[in-house]
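One letter stands for each residue in the lines below.
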Amino acid sequence: MPSNRTLGAVSIVALLVGLGLLLVPPLLRDGICGLTGCADQVPDVAVARSSSDELAVLVPSSTAPDVSSIRLLQGGNSGSLEWVVERSGPSTEDAFAFGSRPEGFDTVTPLAVPVQDGTWVVEVRFACTTASLPFSPDSIGVGQVRSWQGVTEGAGFSDEARTTERCATERDSVERGLFLAGAVLATLGALLGIVVVLRRPPRDPDDPGDWAPTAEQVAAQGTGKGS
């Protein structure tokens, strides 16, 4: 039977390797979000009115090259699909008038109805995320911009608009295998640690152990009492 020292060393090694397999792969994959499961971060989009009969969706200029498609739905997220364009070539446009054919995009579903009253939703697909914004056309005046931050005057976003995209990733089969191996090793290390503790001989109640007073301390105590 291995000694307590050997079992203790094996327990520590198994526990450390197991924890490493549990924590290091997700950290390398997605930083702290690999452990905490952060949600996707999507750039802000906005709807602006340039004239009484023209509305457009705006995206941050820095993310314009990542726009892959735009969808316009009437009646909410589950409403009818009224306009769709998809990227077909390079483009840096950051304003897309509803019903138009933007440079670098092909029209998949032409706009056949006026964007007026009611509830509408515009969806912008970026590299790996989709930004969605509901709006009511009659609540946006000429020269106004509506985003999740509210309605502002002018032709651009507010200073608080998000301009970056972060794509949450999932564990692949290799990482799942490492996770299972790490869980097994960490459990084994913990169990071996328990075995080491249980195998320690019980302390003799008559043995004071490391706290036993030395002869000098006993003599000093006796001298103190005598004085």
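All of these numbers come straight from a predicted model, not from anything done at the bench.

**Focus on the nonpolar core**
Ile70, Phe98, Val122, Val124 and Phe135 are the most contacted members of the largest nonpolar core, which has 24 residues in total. Listing elements by their share of this core, those giving two or more residues are strand E2 (54-58), strand E3 (69-74), strand E4 (80-87), strand E7 (120-125) and strand E8 (130-135). Not counting residues up to four positions away in its chain, the partners in contact with isoleucine 70 are Val57, Trp83, Val84, Val85, Phe96, Val122, Glu123 and Val124.

**Considering helix H3 (residues 173-199)**
Here H3 is 27 residues long and its end C-alpha atoms lie 39 Å apart, about the 39 Å a rise of 1.5 Å per residue gives. Within the sequence span of H3, burial applies to Glu175, Gly182, Ala186, Gly189, Leu192 and Val196. The N-capping residue of H3, defined by a side-chain oxygen 3.3 Å from the backbone nitrogen of valine 174, is aspartate 172.

**Quick notes on the confidence of the model for the protein**
Summing up the model confidence of the protein, the mean pLDDT is 84 and the portion of residues at 70 or higher is 85%. Model confidence for the protein, summarised as mean pLDDT per element, is weakest for helix H4 (residues 215-226) at 61 and strongest for E7 at 96.

**What about the packing of aromatic side chains?**
Counted under the stated rule, the structure contains three aromatic pairs. Where phenylalanine 96 meets phenylalanine 105, the ring centres are 5.5 Å apart and the plane angle is 75°; that geometry is what we call edge-to-face. When its relative accessible area of 0% is taken as the criterion, phenylalanine 96 is described as buried. Looking at phenylalanine 105, the relative accessible area reads 1%, which means it is buried. A cation over an aromatic ring shows up here: arginine 171 above the ring of phenylalanine 179, its NZ or CZ 4.7 Å from the ring centre.

**Details of the packing of helix H1 (residues 4-30) against H3**
Remark: H1 packs on H3, axes separated minimally by 7 Å, with the N-to-C direction vectors making an angle of 155°. Taken together, the axes of H1 and H3 lie roughly antiparallel to each other. Crossing of H1 against H3: the hand is left-handed. Split into classes, the residues belonging to the contact of H1 with H3 amount to 20 nonpolar, seven polar and three charged.

**Comments concerning the environment of valine 113**
Among the secondary structure elements, valine 113 is positioned in the loop between strand E6 (105-109) and E7. The exposure class assigned to valine 113 is partly exposed, which follows from its relative accessible area of 29%. Along the sequence, valine 113 and glutamate 82 sit 31 residues apart, while their C-alpha atoms lie 7.4 Å from each other.

Rules of the game
Numbering of residues starts from 1 in every chain and runs along the sequence as written. Per-residue local features are limited, in this predicted model, to residues with pLDDT of at least 70; the limit for side-chain atom pairs, both in listing and counting, is 80 or more; totals at the level of whole chains, interfaces and linings are taken over all residues. Just so you know, side-chain values use all the structure's heavy atoms and leave hydrogens and water out. Take the buried residues of types Ala, Val, Leu, Ile, Met, Phe, Trp, Tyr and Cys, join any two whose side-chain atoms come within 4.5 Å, and each joined set is a nonpolar core. Here's how the labels work: a residue is buried when its accessible area is under 20% of the maximum for its type, exposed when over 50%, partly exposed in between, all with a 1.4 Å probe on protein chains only. In this text, helices come from DSSP runs of H or I with a minimum length of four residues, and strands from runs of E with a minimum of two, each type numbered from the N-terminal end. Contact criterion: two residues are considered in contact whenever any of their non-hydrogen atoms come within 4.5 Å of each other. The span one expects for a helix is its residue count, reduced by one, times 1.5 Å. Pairs of N or O atoms are called polar contacts if they sit within 3.5 Å, as long as, within protein, a hydrogen donor faces a hydrogen acceptor (for residues adjacent in sequence, only side-chain-to-side-chain pairs). On a range of 0 to 100, pLDDT expresses the predictor's confidence in each residue. Whether two aromatic rings pair depends on their centres lying within 6.5 Å, for rings of Phe, Tyr and Trp, where Trp uses its six-membered ring; planes under 30 degrees apart make the pair stacked, over 60 edge-to-face, and the rest tilted. By the criterion adopted, a ring carries a charge over it if an Arg CZ or a Lys NZ lies within 6 Å of its centre and within 35 degrees of its normal. Every axis corresponds to a line fitted to the C-alpha atoms, with the helix fit spanning only the stretch in contact, and the corresponding angles, defined between N-to-C directions, vary from 0 to 180 degrees. By definition in this entry, angles of less than 35 degrees are roughly parallel, angles greater than 145 are roughly antiparallel, angles of 65 to 115 are roughly perpendicular, and the rest are oblique. Left-handed describes a crossing whose near helix is turned anticlockwise from the far helix by less than a right angle; the clockwise case is right-handed. Side-chain classes follow a simple rule in which Ala, Val, Leu, Ile, Met, Phe, Trp, Tyr, Cys and Pro form the nonpolar group, Asp, Glu, Lys and Arg form the charged group, and the remainder, Gly included, forms the polar group.

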